[in-house]
Amino acid sequence: MQVDWSVIFDYIPQLIAGAKVTIYITLAGLIGGVIIGTLGGLMRAYGGRILNSIAFVYIELIRGTPIVVQVMFLYFALPVLANIRIDPMSAAVLAIVVNSGAYIAEIVRGAFLSISKGLNEAGLAIGMPQWKVLLYIIGPLAFRRLIPPLGNQFIVSLKDTSLFIVIGVGELTRTGQEIMAANFRAVEIWTAVAVIYLVLTGTMTVALRTIEKRMRIL
Amino acid sequence: MSFIEFKKTSKSFGPLTILKDVDLAIDVREVVVLIGPSGSGKSTLLRCINGLETITGGDLIVDGISVKEGHARLREIRQEAGMVFQQFNLFPQMTAAQNVAIGPRRVRGTGKAQAREEALALLAKVGLADKTEHYPSELSGGQQQRVAIARALAVKPKVILFDEPTSALDPELRQEVLNVMRQLAEDGMTMVVVTHEMSFAKQVGTRLLFMEHGKITVDGNPRDVIENPPNDRLKDFLQHVH
Ligand SMILES: Nc1ncnc2c1ncn2[C@@H]1O[C@H](COP(=O)(O)OP(=O)(O)O)[C@@H](O)[C@H]1O
Ligand SMILES: [Mg+2]
């Protein structure tokens, strides 16, 4: 069989539709993941024994199991347990939220705890409540240290969406497989799919580098 | 009632008892100098006053409020009792003026313009009128410590706690910080100062405390106590710091 790159053009609209689904799952998932991760990380770093334990169990549960198992659980097992219906798309977004949230929590915890304890005490000593010290003093400092590992996690999560092929979400990888099934153009189609992933992760990398450069790292 | 009252105050870290049934009363306008060997509990005693350490026995009253009355009351105490740290602990992402203004802004609820104006006046008072827009990394140690004093003053405390404010400084930078502290004392500020600067203790201090193993073993007039140490361990200690 000849390699014929022109066949890709026929499938561009379909591939773009798949890429859009991938982008949607990634963005929605990461917004939730950042929120959950920030909460979890702060609970780990500053919470009392109970909050700390809750966050610890969540993080270890997620980090100790594969994301494919997590999304299978959300899509197939949770409906049985909780008697609710969940569509594949929601299961996919939820899986990224829950999964990236655990890793982001560890990143947030590390960044906040890397800021000198003395600065936290200086904030408390002028009479600020702990939450204001975190918001106005420690947070802005920790944020600068957060960007590189956070960027890394964003890229990992984006690529993880390809695993949701197992619950039949029409994201980019699944789209590639469907096209393949119709025309058997493996080289052309998988090359095209890989290039689209590279463009997506590359865009993320450039965006993060730009943010990083704009900030004074202290 | 005294301004600060330790009542059989104890502090343990796990099995390690650092403060042992301390009884101590400090009045307004006193300049108390606290000395003692490393590890004797000086920092811990100071940090119990503003609740950076939680006492584990007895009670500790600051301006009529017990440190055991909970978070909200503790924040009131912290507004009454400012602290200056050995390592300055200035906020690195803020200019000198912002470091000083953040207390009034976020604690006293002062408006932005007013907080800045007060900050500039305080920085002028500690001799840094020309450094207000500098970041901590652009200042010498002595200048950073003076910003830290201005930051503590900005919240309008009734007492300032100094934990070895000159120990991290090169000898030639210490005097500028000590001069600011002397000025504060002359203005009538109540101060508790952990330091090894014996000339400061003699000239500015109104009272000298010597601490050993979590207990205050000598309490007297700085001049008298330094010239005629009432116990051998203090005599020995003074020979080593001179
Ligand atoms: N957070 C802590 N946990 C355990 N031990 C501590 C803690 N902080 C201080 N200590 C111990 O308490 C003792 C007294 O410390 P400190 O008050 O800093 O002494 P000083 O300021 O007189 O040098 C030291 O032995 C120190 O190791
Ligand atoms: Mg100390």
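The preceding data block contains the structure.
The structure presented is a predicted model; accordingly, all values stated were derived computationally and were not measured. (Residues numbered from 1 in each chain as written. Chains lettered and ligands numbered in written order. Predicted model: local features only at pLDDT ≥ 70, side-chain atom pairs only at ≥ 80, totals over all residues. Heavy atoms only, no water.)

A few words on the overall build of chain B. Of regular secondary structure, chain B possesses nine helices and 10 strands. Overall, the C-alpha framework of chain B stretches about 50 × 40 × 30 Å when taken along its three principal axes. Counting every position in chain B, which comprises 242 residues, the buried fraction comes to 57%. Sequence separation of at least 24 residues holds for 65% of the intrachain contacts in chain B that already meet a minimum separation of 6. Summed over its atoms, the accessible surface of chain B is roughly 10,300 Å², and 46% of this surface lies on carbon and sulfur atoms. Side-chain charges in chain B split into 30 positive and 30 negative, and the spacing between the mean points of these groups amounts to 4 Å. (Helix = DSSP H or I, 4+ residues; strand = E, 2+ residues; numbered from the N terminus. Buried < 20%, exposed > 50% of the residue type's maximum accessible area, 1.4 Å probe, protein only. Contact = heavy atoms within 4.5 Å. Areas by Shrake-Rupley, 256 points an atom, 1.4 Å probe, with all protein chains shown as cover. Lys, Arg positive; Asp, Glu negative; His and termini not counted. Charge placed at Lys NZ, Arg CZ, Asp CG, Glu CD.)

Below, the discussion takes up the packing of helix H5 (residues 117-125) of chain A against helix H6 (residues 130-160) of chain A. Residue and element names in this part refer to chain A. For the pair H5 and H6, interaxial distance at closest approach is 9 Å and the crossing angle is 140°. Judged by the inter-axis angle, H5 sits oblique to H6. As for the relative orientation of H5 and H6, their crossing is right-handed in sense. Of the residues in H6, those touching H5 at Leu119, Asn120, Gly123 and Leu124 are Gln130, Val133, Ile137, Ile138 and Leu141. (Axes fitted to C-alpha atoms, helices over the stretch in contact; angles between N-to-C directions. Parallel < 35°, antiparallel > 145°, perpendicular 65-115°, else oblique. Left-handed = near helix turned anticlockwise from the far one by under 90°.)

Another aspect to go through is the sheet that holds strand S4 (residues 57-62) of chain B. Paired through their backbone hydrogen bonds, the strands of a sheet run either parallel or antiparallel. Residue and element names in this part refer to chain B. Taken together, the four strands give an open sheet; going across it, the order is S2-S1-S4-S5, and neighbouring strands pair in antiparallel fashion. At either margin of the open sheet sits one strand with a lone partner, and together these are strand S2 (16-26) and strand S5 (65-66). Pairing of strand S1 (residues 4-13) with S2, which is carried by seven bridges, proceeds in the antiparallel orientation. Bridge pairing in S2 places Lys11 opposite Leu19. Contacts from helix H1 (residues 42-49) reach S1, S2 and S4 within the one sheet, and its direction differs from that of S1 by about 120°. (Pairing = 2+ DSSP bridges.)

What follows is about the pairing of S1 of chain B. Residues and elements named next belong to chain B. Here S1 folds back onto S2, and the loop between the two strands holds two residues, one of which, Gly14, carries a positive phi near 60°. Here S1 pairs with S4 via five bridges, running antiparallel. Residue pairing for S4: Ile4 is matched across the bridge by Val62.

For the rest of this paragraph, the subject is the environment of Glu117 of chain B. Positionally, Glu117 of chain B belongs in helix H4 (residues 112-125). When the C-alpha positions of Glu117 of chain B and Ala97 of chain B are compared, they lie 9.1 Å apart, and in sequence the two are 20 residues distant.

Let us now look at the nonpolar core. Membership of the largest hydrophobic core comes to 72 residues, with the highest contact counts inside it found for Ile137 and Ile138 of chain A together with Ile4, Phe6, Leu60 and Leu161 of chain B. Take this core: its biggest share by element is 11 residues, from H6 of chain A. Ignoring sequence-local partners within four residues, the contact set of Ile137 of chain A consists of Gly123, Met128 and Lys132 of chain A together with Phe91, Gln93, Met94 and Ile102 of chain B. (Core = buried A, V, L, I, M, F, W, Y, C linked by side-chain atoms within 4.5 Å.)

Residues and elements named next belong to chain B. An ideal rise of 1.5 Å per residue puts 20 Å on 14 residues; H4 measures up with 20 Å between its terminal C-alpha atoms. Among the residues of H4, Ala115, Ala119, Leu122 and Leu123 are the ones counted as buried. For H4, the angular spread of the buried residues around the axis is 100°, confining them to a single face. In H4, the exposed positions that point more than 90 degrees away from the buried face belong to Ala113 and Glu117. On its buried side, H4 packs onto helix H3 (96-108) and helix H5 (141-154). Looking at the residues trailing H4, positive phi occurs at Gly127, about 80°. (Expected span 1.5 Å × (residues − 1). Arc of directions from axis to C-beta.)

Next up on the list: the interface of chain A and chain B. Taken together, the contacts link 19 residues of chain A with 22 residues of chain B. Between chain A and chain B, roughly 1,800 Å² of surface is buried when both sides are summed, and carbon and sulfur atoms account for 66% of that area. Glu121 of chain A is paired through a salt bridge with Arg47 of chain B; the nearest N and O atoms lie 2.7 Å apart. Of all the elements in the fold, those that place two or more residues in the side of chain A that touches chain B are H5 and H6 of chain A. When residues in the side of chain A that touches chain B are grouped by element, the largest group, seven residues, is from H5 of chain A. Tallied by class, residues from the side of chain A that touches chain B come to 12 nonpolar, three polar and four charged. (Buried area = accessible area lost by both parts, 1.4 Å probe. Salt bridge = Lys/Arg side-chain N within 4 Å of Asp/Glu carboxyl O. Nonpolar A, V, L, I, M, F, W, Y, C, P; charged D, E, K, R; others polar.)

Let us look at the packing of H6 of chain A against helix H8 (residues 186-214) of chain A. Helix-helix packing is described using two parameters, namely the angle between the two axes and the distance between the axes. Residues and elements named next belong to chain A. Closest axis-to-axis distance for the H6/H8 pair is 10 Å, and the angle between their directions is 165°. Relative to H8, the element H6 is oriented roughly antiparallel. Judged by the twist between their axes, the crossing of H6 over H8 is right-handed. Every residue of H8 that contacts H6 at Ile147, Pro148, Gly151, Phe154, Ile155, Leu158 and Lys159 is listed here: Tyr197, Leu200, Thr201, Met204, Thr205, Leu208, Ile211 and Glu212. Classifying every residue of the contact of H6 with H8 by side-chain character gives 10 nonpolar, three polar and two charged.

The side chains of a regular strand alternate, first on one face of the sheet and then on the other. Residue and element names in this part refer to chain B. Counting buried residues along strand S3 (residues 31-35), five of its five residues qualify, which places the element largely inside the surrounding structure. A two-sided burial pattern is seen for S3, the buried positions comprising Val31, Val33 and Ile35 on one face and Val32 and Leu34 on the other. Both S3 and strand S8 (residues 190-194) contribute to a ladder of four bridges, which runs parallel. Residue Val31 lies in a different strand from S8, and its bridge partner there is Met191. Two elements, S3 and strand S9 (residues 207-212), share four bridges in a ladder whose sense is parallel. Bridge pairing in S9 links Leu34 to Leu209.

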